[in-house]
Amino acid sequence: MVAPLVNDSFLRACLREPTDHTPIWLMRQAGRYLPEYNATRARAGSFMALATNPDFATEVTLQPLERYALDAAILFSDILTVPDAMGLGLSFAQGEGPRFADPVRDEAAVARLAVPDLDRLRYVFDAVASIRQALAGRVPLIGFAGSPWTLACYMVEGGSSDDYRLVKTMLYARPDLMHRVLAVNADAVALYLNAQIDAGAQAVMVFDSWGGVLADGAFQAFSLAYTQRVLARLKREHEGRRVPAIVFTRGGGQWLEQIAASGADVVGLDWTTGIGAARERVGERVALQGNLDPSVLFAPAAAIEAETKKVLDEFGAHPGHVFNLGHGISQYTPPDAVRVLVETVHDHSRRRRKA
């Protein structure tokens, strides 16, 4: 039995429907800035042990909702679960970030790539179902995946990168290989997100974290085209309700109109694009998500309140705003700063609607 939603403001804002306040959730809201998260991670023993255990994933997904009046939960997982399921050997060294034992760097490695058996990702879908049950209709649950291009960056580089030299070399020297990697990734991501929807995710988000490192022209051909391929294959109705799709391209402000035409319901903005100007550019085509600079949360409470109100005022009295940071919350963020942020978003947006 599916519990009815008590607070559906996030879903309604995604579809540009009126809400009595601006909903807010945070990228990486379950993370290292929370002492309780760190305690659970210590119990799990490692990041992968945490992310692959549905009970632990449920526990940490709910932790920020116990502290703050957030309007959505987001599945606790990692964008690299899909290439890991392809057999590339994902690991997380302490303080070093993700590493793949078998990066994809030559023709033979590209030829071996295939859409993974979704049973290898069963732990993710079990976590989605467990979280939905634990939420009991409190707020909606967001599922997510990395974009085909962003996944390719990690798969070719073998981990994080400062200059994207290896993946860009493949892009320019062997575009045929890069297109093959991206096609496999797009098909895998679409199946993965649809399985999350089947398991209970009520909205899905595509993180194109590294789209902004591409040149104009290359972005459209190697990132946006494959994000569109994912969006075109998504289930958009489930449990009798529209399943909104969010696309976030870090550094994608110059391509805002093209991203808005991709088939997404919501476009996420980083902090480098003014949200008022962005709304003028996209009009009524999509809702917008964002876009407070995460570093604002290191400032005193009065500054957090002022900067938060500035974003709300800049967006204006229109439906279709989901408040978020312009990127993931920093692990060094004081937890009390998040409380100030959430309360300010709710209080100020409610007052604006009554004015």
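Refer to the preceding data block for the structure.
On a predicted model such as this, the values are computed, not experimentally measured, just so you know. (Residues numbered from 1 in each chain as written. Predicted model: local features only at pLDDT ≥ 70, side-chain atom pairs only at ≥ 80, totals over all residues. Heavy atoms only, no water.)

> Which residues make up helix α11 (residues 218-233), and what values do they have?
End to end, α11 covers 23 Å across 16 residues, agreeing with the expected 22 Å (1.5 Å per residue, within 8%). Maximal helix bending in α11 amounts to about 35°, located at L224. When α11 is considered as a whole, its buried residues turn out to be A218, F219, F222, S223, L224, Y226, T227, V230 and L231. Where α11 is buried, its residues contact α8 (148-157), α9 (165-173), α10 (175-199), β5 (203-208), β8 (245-249) and α12 (256-260). (Helix = DSSP H or I, 4+ residues; strand = E, 2+ residues; numbered from the N terminus. Expected span 1.5 Å × (residues − 1). Bend = angle between axes of the 7 residues up to and from the residue. Buried < 20%, exposed > 50% of the residue type's maximum accessible area, 1.4 Å probe, protein only. Contact = heavy atoms within 4.5 Å.)

> Explain the sheet that holds strand β9 (residues 266-268) residue by residue, including any values.
Sheet strands associate in pairs through backbone hydrogen bonding, adopting either a parallel or an antiparallel arrangement. Here we have seven strands laid out as an open sheet, ordered β1-β4-β5-β8-β9-β10-β11, and parallel in their pairing. Where the open sheet ends on each side, the last strands, each with one partner, are β1 (73-74) and β11 (321-325). When β5 meets β8, the two strands line up parallel, connected through five bridges. Paired with V206 across the two strands is V247, which belongs to β8. (Pairing = 2+ DSSP bridges.)

> An account of the nonpolar core is needed here, citing residue identities and associated values.
Within the largest apolar cluster, 129 residues are counted, with the highest numbers of intra-cluster contacts made by F10, W25, W149, M178, M205, L288 and L341. Ranked by residues supplied to this core, first place goes to α10 with 14 residues. When near neighbours in sequence (up to four residues on either side) are disregarded, F10 contacts P23, W25, D71, A72, P140, I142, A203, I246, Q289 and V322. (Core = buried A, V, L, I, M, F, W, Y, C linked by side-chain atoms within 4.5 Å.)

> How would you explain helix α7 (residues 122-135) if you had to name every residue and give the values?
When the terminal C-alpha atoms of α7 are compared, their 20 Å separation across 14 residues agrees well with the 20 Å that a helix rising 1.5 Å per residue should span. Those residues of α7 that fall on the buried side of the exposure criterion are Y123, V124, F125, A127, V128, I131, R132 and L135. Contacts from the buried residues of α7 go to α3 (47-51), α4 (54-67), β1, α5 (81-88), β4 (141-146) and α10.

> Now, about the packing of aromatic side chains: what can you tell me, with residues and values included?
Two measures describe an aromatic ring pair: the distance that separates the ring centres and the angle between the ring planes. All chains considered together, the criterion is met by eight aromatic pairs. Where F219 meets W255, the ring centres are 4.0 Å apart and the plane angle is 5°; that geometry is what we call stacked. Of this pair, F219 sits in helix α11 while W255 sits in the loop between β8 and α12, and the two are 36 residues apart along the sequence. The class for F219 is buried, based on a relative accessible area of 1%. With a relative accessible area of 0%, W255 lands in the buried category. The ring of F315 carries the charged tip of R279 above its face, separated from the ring centre by 5.9 Å. (Phe/Tyr/Trp six-rings, centres within 6.5 Å; stacked < 30°, edge-to-face > 60°. Lys NZ or Arg CZ within 6 Å of the ring centre and 35° of its normal.)

> Tell me about the environment of M48, and please be specific about residues and values.
Locating M48 in the fold gives a position in helix α3. Separated by 30 residues in the primary sequence, M48 and D78 place their C-alpha atoms 9.0 Å from one another. Residues in contact with M48, not counting those within four places in the same chain, are D84, L90 and F92.

> Outline the pattern of salt bridges, listing residues and values.
A complete count under the given rule lists 19 salt bridges for this structure. Note that R174 and E107 form a salt bridge whose closest N and O atoms lie 3.2 Å from each other. Here R174, found in the loop between α9 and α10, pairs with E107, found in helix α6 (residues 107-112); they are 67 residues apart in sequence, far enough to count as distant. For E107, a relative accessible area of 48% translates into the label partly exposed. Of the charged contacts, one joins D198 and K235 as a salt bridge, the two residues approaching to 2.6 Å between their closest N and O atoms. Here the residue D198 occupies a position in helix α10, and K235 occupies one in the loop between α11 and β6 (237-238), the gap between them amounting to 37 residues. D198 gets classed as partly exposed once you look at its relative accessible area, which sits at 45%. (Salt bridge = Lys/Arg side-chain N within 4 Å of Asp/Glu carboxyl O.)

It is worth stressing that arrangement in space is one thing and function is another; only the former is reported here.
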